[in-house]
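Residue-level structure breakdown
What follows is the residue order along each chain.
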Amino acid sequence: MYLHVTISATSNQLLLKNLVVFASGSGSNFQSLIDAVSEGKLEANIVGLISNNESAYAIERADINGIQTLIISPNDFDSETDYSIELLKTLKDWETDLIVLAGYLRKIPTEIIEVYRNRILNIHPSLLPKYGGKGFYGSKVHEAVIKNKEIESGCTVHLVTEEYDKGPILGQAKVQITETDSPADLAKKVLEKEHQLLSEVIQEYLKTFKN
Ligand code: GAR
């Protein structure tokens with residue numbers, strides 16, 4: 001009886017897909033994925049964190065949760081190709097099925113997008129296609145939204161393609177903006193939605209993978 005339970009748990013584990021998260025800063029979205037996995041809402045293994053920023057709090061979150069980390073920045077390489085080769089080596093070693101950009105503020109090299117076509121998701125803090133593209137990241141998005149007196153904003157999870165913030169949209173969540181909201185207030189509201197949306201979209205997206 002006990003033996004049977006052990007065997008089925010192990011084989012289920014083997015079917016889980018391996019996620020690698022890229023984060024540059026606080027990593028609260030990364031944390032939301034760790035929490036979703038431990039609560040059983042996201043059926044996947046988070047096998048590693050990649051960051052370009054050695055002081056990112058995301059790295060501490062990885063350490064606390066026993067998740068391996070690679071700190072790698074394009075600035076440390078002579079060419080984008082050398083950088084991509086190193087990144088690809090790690091992604092392969094970690095048997096990556098899906099890459100999740102969760103507050104990752106560097107461009108993903110074309111070579112990586114080609115190898116992991118339809119296997120890279122990004123979360124963006126606006127209702128794309130609005131407030132996306134070069135220059136729109138983090139607080140800059142919320143400042144522009146407030147400046148333009150929008151009445152709603154939100155977040156988007158989309159597939160990463162060669163065109164920045166333009167890949168197919170997999171999910172969005174909206175928030176309402178009041179007249180008194182500052183960019184910081186909006187950031188807080190949107191981040192709360194991000195923390196729900198990201199794991200929900202990943203969970204659904206993983207269902208489309210063939211084993
Ligand atoms: C999040 O709001 C995420 O959507 C945004 O950075 C923040 C990271 O927060 N990403 C972008 O702007 C990408 N264009 P976190 O480090 O607490 O997850």
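The structure reproduced in this document is the subject of the present report. (Residues numbered from 1 in each chain as written. Predicted model: local features only at pLDDT ≥ 70, side-chain atom pairs only at ≥ 80, totals over all residues. Heavy atoms only, no water.)

Quick look at the pairing of strand β5 (residues 120–124)
Within β5, five of the five residues are buried, which leaves the element mostly enclosed by the surrounding structure. Residue alternation in β5 divides its side chains into two sets, Ile 120, Asn 122 and His 124 and Leu 121 and Ile 123, and both sets are buried. The pairing of strand β4 (residues 98–101) with β5 spans three bridges and is classified as parallel. For Val 100, the partnering residue across the bridge sits in β5 and is Leu 121. This β-α-β element, β4 to helix α5 (residues 110–115) to β5, shows right-handed connectivity. As defined by bridge partners, β5 adjoins strand β6 (residues 152–159) across four bridges and the pair is classed as antiparallel. (Buried < 20%, exposed > 50% of the residue type's maximum accessible area, 1.4 Å probe, protein only. Helix = DSSP H or I, 4+ residues; strand = E, 2+ residues; numbered from the N terminus. Pairing = 2+ DSSP bridges. Right-handed = clockwise from strand over helix to strand, strands pointing away.)

Looking at helix α7 (residues 183–206)
Relative to the 34 Å expected for 24 residues at 1.5 Å per residue, α7 spans 33 Å between its end C-alpha atoms, a close match to the ideal helical length. At Glu 194, α7 shows its strongest bend, of approximately 25 degrees. Within the span of α7, buried status applies to Leu 186, Val 190, Glu 194, Leu 197, Leu 198, Ser 199, Val 201, Ile 202, Gln 203, Tyr 205 and Leu 206. (Expected span 1.5 Å × (residues − 1). Bend = angle between axes of the 7 residues up to and from the residue.)

Looking at the packing of aromatic side chains
Enumeration over the complete set of coordinates arrives at four aromatic pairs. When the ring of Tyr 205 is compared with that of Phe 209, the centres are 5.4 Å apart and the planes differ by 80 degrees; the resulting orientation is edge-to-face. We note that Tyr 205, like Phe 209, is buried. Stacked on the ring of Phe 209, the Lys or Arg Arg 119 has its end atom at 3.9 Å from the ring centre. (Phe/Tyr/Trp six-rings, centres within 6.5 Å; stacked < 30°, edge-to-face > 60°. Lys NZ or Arg CZ within 6 Å of the ring centre and 35° of its normal.)

Overview of the environment of Arg 117
By the element assignment, Arg 117 lies in the loop between α5 and β5. Under the relative-accessibility criterion, Arg 117 is labelled partly exposed at 38%. Spatially, the C-alpha atom of Arg 117 lies 8.1 Å from that of Val 160, the residues being 43 residues apart in sequence. At a separation of 2.8 Å, a polar atom in the side chain of Arg 117 contacts the side chain of Glu 162. (Polar contact = N/O pair within 3.5 Å; in protein donor to acceptor, adjacent residues only side chain to side chain.)

Points about the packing of helix α6 (residues 139–147) against α7
For the pair α6 and α7, interaxial distance at closest approach is 9 Å and the crossing angle is 115 degrees. Relative to α7, the crossing made by α6 is right-handed. In this structure, α6 contributes His 142, Glu 143, Val 145 and Ile 146 to the contact, and α7 contributes Pro 183, Leu 186, Ala 187 and Val 190. Here the contact of α6 with α7 is composed, by residue class, of six nonpolar, one polar and one charged. (Axes fitted to C-alpha atoms, helices over the stretch in contact; angles between N-to-C directions. Left-handed = near helix turned anticlockwise from the far one by under 90°. Contact = heavy atoms within 4.5 Å. Nonpolar A, V, L, I, M, F, W, Y, C, P; charged D, E, K, R; others polar.)

Some remarks on the sheet that holds strand β2 (residues 44–51)
Ordered by their spatial adjacency, seven strands build an open sheet running β3-β2-β1-β4-β5-β6-β7, and the pairing between neighbours is mixed. In this open sheet, the two strands that pair with only one neighbour each are β3 (69–71) and β7 (169–176). Each strand of the sheet is rotated relative to its neighbour by a mean of 20 degrees, with strand direction disregarded. Pairing between strand β1 (residues 17–22) and β2: six bridges, direction parallel. Of the residues in β2, the one forming a bridge with Val 20 is Gly 48.

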